[in-house]
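Notes for the structure review
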Amino acid sequence: FSLAVGVPREITPQEGRVGLTPKGVRLLAQRGIKVIVETGAGVKSGFSDEDYRREGAEIVIDAKDLWQRARLIKKVKEPLPDEYPYIKPEHIIFTYLHLADNRELTEFLISSGSTAIAYETVLVNKRTPLLAPMSIVAGVLGAYQAAFYLTGALSKEEFDNLLNSLNSKNFFEAVRPRVAICSS
């Protein structure tokens with residue numbers, strides 16, 4: 001294993017997030033840390049392989065190669081059974097793990113000897129800062145869903161179009177309130 005950060009393509013169905021953005025690659029590369037990104041890892045988040053390459057990442061074709069060459073693995077979702085064969089004792093895996101309801105994964109990670117750090121358990125000043133972005137997204141989309149169901153402020157088509165149009169580059173602009181709430 002070389003000292004490298006690996007960013008695999010997420011294989012969870014309907015998962016479009018990526019464990020590290022090109023800006024994150026640049027910050028690591030500037031500090032002399034090698035970053036290996038699986039081809040297509042950022043596509044659903046609006047980042048091309050070329051975006052990663054331009055910031056200093058090496059792009060690899062398959063997950064097996066990435067897991068063999070990187071010691072620190074940066075993901076979004078918990079490893080799935082198809083990824084288990086890649087996980088070795090030398091790996092340090094950073095991701096959302098949700099172990100409370102996944103006995104199989106919990107037992108596998110223990111038996112693998114790897115170090116797995118769940119984003120949802122990282123505490124800084126008694127807070128969970130890695131959950132904050134998820135809370136913001138859930139809160140904003142929850143409010144829009146409530147508006148859809150309770151007030152009719154958005155038609156079903158408008159709500160579906162809003163959800164389908166969201167990506168990492170336009171999220172906050174796209175979800176800005178479109179309905180004025182007035183009080184007397």
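Please refer to the structure placed before this passage.
Scope of this entry: the structure provided in the associated data block. (Residues numbered from 1 in each chain as written. Predicted model: local features only at pLDDT ≥ 70, side-chain atom pairs only at ≥ 80, totals over all residues. Heavy atoms only, no water.)

Time to look at the pattern of salt bridges. Pairing of side chains with opposite charge becomes possible as their charged atoms draw close. Counted by the stated rule, this structure contains 12 salt bridges. With a shortest N-O distance of 2.7 Å, R69 and E58 are connected by a salt bridge. In this pair, R69 is assigned in helix α3 (residues 63–69) and E58 in strand β3 (residues 58–60), connecting sequence segments 11 residues apart. Look at R69 and you get partly exposed, because its relative accessible area is 26%. A relative accessible area of 26% means that E58 is categorised as partly exposed. Salt-bridge contacts for D65 lead to R69; the nearest nitrogen and oxygen are separated by 3.6 Å. (Salt bridge = Lys/Arg side-chain N within 4 Å of Asp/Glu carboxyl O. Helix = DSSP H or I, 4+ residues; strand = E, 2+ residues; numbered from the N terminus. Buried < 20%, exposed > 50% of the residue type's maximum accessible area, 1.4 Å probe, protein only.)

Looking at where D65 falls in the secondary structure, it is placed in helix α3. Expressed as a C-alpha distance, the spacing of D65 and P8, which sit 57 residues apart in the sequence, is 10.0 Å.

This part covers the nonpolar core. Core analysis: the biggest nonpolar cluster contains 16 residues, and L66, W67, I73, I87, I93 and L109 have the highest contact counts within it. The set of elements that each furnish at least two residues to this core consists of α3, β4 (70–74) and α4 (103–112). Membership of the second largest hydrophobic core comes to 12 residues, among which are L20, V25, A57 and I59. (Core = buried A, V, L, I, M, F, W, Y, C linked by side-chain atoms within 4.5 Å.)

Another aspect to go through is the packing of aromatic side chains. Applying the stated criterion across every chain, the model contains four aromatic pairs. Geometrically, the ring pair formed by Y96 and Y119 is edge-to-face, given 4.8 Å between the ring centres and 85° between the ring planes. With a gap of 23 residues between them, Y96 in the loop between β5 (92–95) and α4 and Y119 in the loop between β6 (115–118) and α5 (132–150) connect regions that are remote in the sequence. Residue class for Y96 comes out buried when judged on its relative accessible area of 9%. (Phe/Tyr/Trp six-rings, centres within 6.5 Å; stacked < 30°, edge-to-face > 60°.)

Mapped onto the fold, S45 is located in the loop between β2 (34–38) and α2 (49–54). Judged by its relative accessible area of 9%, S45 is buried. Here the side chain of S45 touches G16 through a polar contact of 2.6 Å, landing on its backbone oxygen. (Polar contact = N/O pair within 3.5 Å; in protein donor to acceptor, adjacent residues only side chain to side chain.)

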